[in-house]
Amino acid sequence: MSMMEYLAYAAFGLYLFLIVAGGLAAVLSKNLIRSLVGLIMTLFGVAGMYFLMSAPFIALMQILIYVGAVSVLIFFAIMLTRAPGGESGIEGSTPKALKRGLLALATALMPAVILGAIIIRKTPETLPLKPETALTVLGEFLTGPFALSFELISVVLFVAMAGAVLLGFERRKSE
Amino acid sequence: MSPLVWYHLTALLLLSFGLFGLTSRKTLVGMLISVELMLNGAGLALVASTRLTAALDAVGQLGALLVMGLAAAEATLVLAIILVVFKRLGTTDSEAVSFLRG
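Residues numbered from 1 in each chain as written. Chains lettered and ligands numbered in written order. Predicted model: local features only at pLDDT ≥ 70, side-chain atom pairs only at ≥ 80, totals over all residues. Heavy atoms only, no water.

Enquirer: Is there a simple way to explain the packing of aromatic side chains in this structure?
Expert: Where two aromatic rings form a pair, the distance of their centres and the angle of their planes describe that pair. The full count for this structure, using the stated rule, is three aromatic pairs over all chains. Relative to Tyr7(B), the ring of Phe12(A) has its centre 5.1 Å away and its plane inclined at 80°; by these criteria the two rings are edge-to-face. Taken as a pair, Phe12(A) in helix H1 (residues 3-28) and Tyr7(B) in helix H1 (residues 3-24) lie in two separate chains rather than in one. An identical accessibility class is assigned to Phe12(A) and Tyr7(B); each is buried. (Phe/Tyr/Trp six-rings, centres within 6.5 Å; stacked < 30°, edge-to-face > 60°. Helix = DSSP H or I, 4+ residues; strand = E, 2+ residues; numbered from the N terminus. Buried < 20%, exposed > 50% of the residue type's maximum accessible area, 1.4 Å probe, protein only.)

Enquirer: When you look at the environment of Ala21(A) in this model, what are you seeing that I'm missing?
Expert: Residues and elements named next belong to chain A. For Ala-21, the location among the structural elements is in helix H1. Exposure remark for Ala-21: the relative accessible area of 27% places this residue in the partly exposed category. Along the sequence, Ala-21 and Val-37 sit 16 residues apart, while their C-alpha atoms lie 11 Å from each other.

Enquirer: Could you clarify how one ought to interpret the domain arrangement of chain A in this entry?
Expert: You'll often see interface size given as the accessible area lost when the parts meet. Segmentation of chain A into domains returns domain 1 (1-86) and domain 2 (133-175). Inter-centroid distance (C-alpha atoms) of domain 1 of chain A to domain 2 of chain A is 23 Å. (Domains from an automatic or database assignment.)

What follows is the structure, given as structure tokens:
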């Protein structure tokens, strides 16, 4: 292996560490703020993997949309749902916590084992990395063959925003 | 193992984390965080399987972009739903919100 390949594997390991550590914090932490910070760490790890595959546009979009917008939304959701008297964003524990954890572990492990075996056996050979796709090619593709999905995603986004506003107004009217 | 297998196993790991969180979390916000983890895994698998094979590159990258757009729309709507549930019930515990239970 050449020097560059070693460096690529080292970078992959670093991003994998970010994803695993962040993901564990995101699903296990009792404090929802910590779990949000774990999610952000995971998002940065995935963005690093996009960079490693030389897809910088998607990596920057990942940081812009997820880290910039979605995590702020989740932060607002945590802030605005403070129970009276309680602290914001803490999950209480129930007596059935152990049973719940075991069932969740089974739910996560079943697809992981089955799909993992399929991935290891059936994944086609990796080709050497293609040259980076120009942004103009992506843009032409988005307005050409992907035009319908481009329009539909804008409709979906509009409906979601309008629905959110509507739900907010409905809340005020019922008081 | 080839790099493509590693990328796909990472995506599978994200899916498993998300499923675990979705079933073990008790608050709606925690479940939303888990769903975002799963969607990230989907995007990673899409981009990896078009960047590292002979498939058309733009399909995977734009597919991942559409997944991000859907995730943003979903997060907005879930935020609004969480606020309404909190206003009406005073809690976002998923076990308290079970009127439709048989």
